[in-house]
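Breakdown of the fold
Each chain, written out:
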Amino acid sequence: DAGVTQSPTHLIKTRGQHVTLRCSPISGHKSVSWYQQVLGQGPQFIFQYYEKEERGRGNFPDRFSARQFPNYSSELNVNALLLGDSALYLCASSLGDNTDTQYFGPGTRLTVL
Amino acid sequence: DAKTTQPNSMESNEEEPVHLPCNHSTISGTDYIHWYRQLPSQGPEYVIHGLTSNVNNRMASLAIAEDRKSSTLILHRATLRDAAVYYCIPLHQYDMRFGAGTRLTVKP
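Below, the structure is looked at part by part. (Residues numbered from 1 in each chain as written. Chains lettered and ligands numbered in written order. Predicted model: local features only at pLDDT ≥ 70, side-chain atom pairs only at ≥ 80, totals over all residues. Heavy atoms only, no water.)

**Comments concerning the interface of chain A and chain B**
Put simply, the rule reads: The contact criterion used is simple: two residues touch if any of their non-hydrogen atoms lie within 4.5 Å. A 1.4 Å probe defines the accessible area here, and the buried area is the portion of it lost by two parts on being joined, summed over both. A 3.5 Å cut-off defines polar contacts: any pair of N or O atoms within that distance qualifies, except that in protein one atom must be a possible hydrogen donor and the other a possible acceptor, and neighbouring residues in sequence count only when both atoms are side-chain atoms. Only runs of H or I of at least four residues qualify as helices and only runs of E of at least two qualify as strands under DSSP, and these elements are numbered from the N terminus. Three classes are used, and their members are as follows: Ala, Val, Leu, Ile, Met, Phe, Trp, Tyr, Cys and Pro are nonpolar, Asp, Glu, Lys and Arg are charged, and the others, Gly among them, are polar.
If you look at the interface, chain A gives 19 residues, while chain B gives 15 residues. When chain A packs against chain B, close to 1500 Å² is buried across both sides, 57% of that on carbon and sulfur atoms. Summed over the three residues of chain A that lose the most area to chain B, namely A:Pro43, A:Thr99 and A:Phe104, the buried surface amounts to 29% of that side. Connecting chain A to chain B are two residue pairs in polar contact (both at pLDDT 80 or more). Of all the elements, strand β5 (residues 44-50) of chain A adds the most residues to the side of chain A that touches chain B, at three residues. A class-by-class count of the residues in the side of chain A that touches chain B yields five nonpolar, 11 polar and three charged.

Shown next, in the form of structure tokens:
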């Protein structure tokens, strides 16, 4: 079975631009979560979507937004990019039950110049 | 949110057991305790989770203190492939907060 897939693998943008990152969950999983991982730190929670509704949000500015589609895939959008947005962006999928075991994709490495 | 305390780093010899501790003294009664690990250049990988009882799976064992304020991840025989950063996470309402984790080094 295919795991969580993310695209693109790497991305280079300049300050002020916007970016869209994509995630396809494991088949049968209805929940997708997004994380930002800056070099040397643990992943930081951005959003969780379940059945196309936002179920949780971390401490990130409104420049960050996401949505989940009827097929449960998801997009993360970041507007007005800053140098500090350079990071590995991780997507995780889960069944969305109360134990919420999450399965992570390989991530998208975003570099903002 | 429950705060966690883990050692920054630990070392182990190959084929020996490893006990990775975690303190989570402010955990809520219904929060599951999850452990994930992250190998270099990869996304985090689920290891094990539990609520109150000790748990075993093919990767590891999880020992949870009776008061649930601490837990220990046990790797029974460390291999070089177990070298990773290990994260202990009390899961509160789908909000998975990773800390800095413990970097495990396995020596041959």
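**Observations concerning the state of the cysteines**
Defined as follows: When the sulfur atoms of two cysteines come within 2.5 Å, that pair is taken as a disulfide. Throughout, exposure labels follow a simple rule: accessible area from a 1.4 Å probe, protein chains only, divided by the maximum for the residue type, with under 20% read as buried, over 50% as exposed, and the rest as partly exposed.
In this structure the tally under the stated criterion is two disulfides over all chains. In this model A:Cys23 forms its disulfide with A:Cys91; the gap between the sulfur atoms is 1.8 Å. Residues A:Cys23 and A:Cys91 are joined by a disulfide whose S-S torsion is about -60 degrees; by sign, that bridge is left-handed. One end of the pair, A:Cys23, is in strand β3 (residues 19-24); the other, A:Cys91, is in strand β9 (residues 87-94), and 68 residues separate them in sequence. A single burial state applies to A:Cys23 and to A:Cys91, both of which are buried. A disulfide bridge connects B:Cys22 with B:Cys88, and the sulfur atoms are separated by 2.1 Å. Its S-S torsion of about -75 degrees marks the bond between B:Cys22 and B:Cys88 as left-handed, since a negative value means left-handed. Placement of B:Cys22 in strand β2 (residues 18-23) and of B:Cys88 in strand β8 (residues 84-91) is noted, with a sequence separation of 66 residues between them. Per residue, the accessibility class of B:Cys22 equals that of B:Cys88, and both read buried.

**Details of the pairing of strand β9 (residues 102-107) of chain B**
All names here are of chain B. Here is the rule we go by: Being paired, for any two strands, means DSSP has found at least two bridges between them.
Burial along β9 is one-sided: the residues Thr102, Leu104 and Val106 are buried and none of Arg103, Thr105 and Lys107 is. Looking at chain direction, strand β1 (residues 9-13) and β9 are connected through five bridges and run parallel. The residue bridging methionine 10 from the neighbouring strand is leucine 104, located in β9.

**A look at the pattern of salt bridges**
Residues and elements named next belong to chain B. The test is simple: The salt bridge definition used is simple: a Lys or Arg side-chain nitrogen within 4 Å of an Asp or Glu carboxyl oxygen.
Under the defined criterion, the tally for this structure stands at 10 salt bridges over all chains. Between lysine 107 and glutamate 11 there is a salt bridge whose closest N-O contact spans 3.1 Å. With lysine 107 in strand β9 and glutamate 11 in strand β1, this residue pair connects regions lying 96 residues apart in the sequence. Looking at glutamate 11, the relative accessible area reads 54%, which means it is exposed. Between glutamate 45 and arginine 37 there is a salt bridge whose closest N-O contact spans 2.9 Å.

**Things to note about the sheet that holds strand β1 (residues 5-7) of chain A**
Hydrogen bonding along the main chain pairs the strands of a sheet, whether they run parallel or antiparallel. Residue and element names in this part refer to chain A. Stated precisely, the cut-off is as follows: For helices, the axis comes from a line fit to the C-alpha atoms of the stretch in contact; other axes are also lines fit to C-alpha atoms, and the angle between any two N-to-C directions lies between 0 and 180 degrees.
Pairing in this open sheet of four strands is antiparallel, and the strands run β1-β3-β8-β7 from one edge to the other. Across the chains shown, the open sheet's two edge strands, defined by having one partner strand only, are β1 and β7 (64-68). Strand-to-strand twist of the sheet, defined as the mean angle between neighbouring strand axes without regard to direction, takes the value 15 degrees. With five bridges connecting them, β3 and strand β8 (residues 74-78) associate as antiparallel partners. Bridging across to β8, valine 19 finds its partner in valine 78.

**Digging into the nonpolar core**
Test applied: Buried residues of nine kinds, namely Ala, Val, Leu, Ile, Met, Phe, Trp, Tyr and Cys, make up a nonpolar core once their side-chain atoms join them within 4.5 Å.
Grouped together as the largest cluster of nonpolar side chains are 21 residues, with contacts concentrated most on A:Trp34, A:Ile46, A:Leu76 and A:Tyr89. Among the elements of the structure, β3, β4 (31-37), β5, β7, β8, β9 and β11 (108-112) of chain A are those that each provide at least two residues to this core. A:Leu76 has contacts with A:Val19, A:Thr20, A:Leu21, A:Trp34, A:Ile46, A:Phe47, A:Ser65, A:Ala66 and A:Tyr89, leaving out every residue within four places of it along the chain. Within the second largest apolar cluster, 20 residues are counted, among which are B:Ile27, B:Ile48, B:Leu62 and B:Tyr86.

**Notes on the packing of aromatic side chains**
To keep things clear, this is the line we draw: Geometry of aromatic contacts follows a simple scheme: Phe, Tyr and Trp rings, the Trp one being its six-membered ring, pair when their centres are within 6.5 Å, and the pair is stacked under 30 degrees between planes, edge-to-face over 60, tilted otherwise. Whether a charge lies above a ring is judged from NZ of Lys or CZ of Arg, which has to be within 6 Å of the ring centre and within 35 degrees of the ring normal.
On inspection of all chains with the given rule, the structure shows 11 aromatic pairs over all chains. For A:Arg55, the ring lying beneath its charged end belongs to A:Tyr50, and the centroid distance is 4.4 Å.

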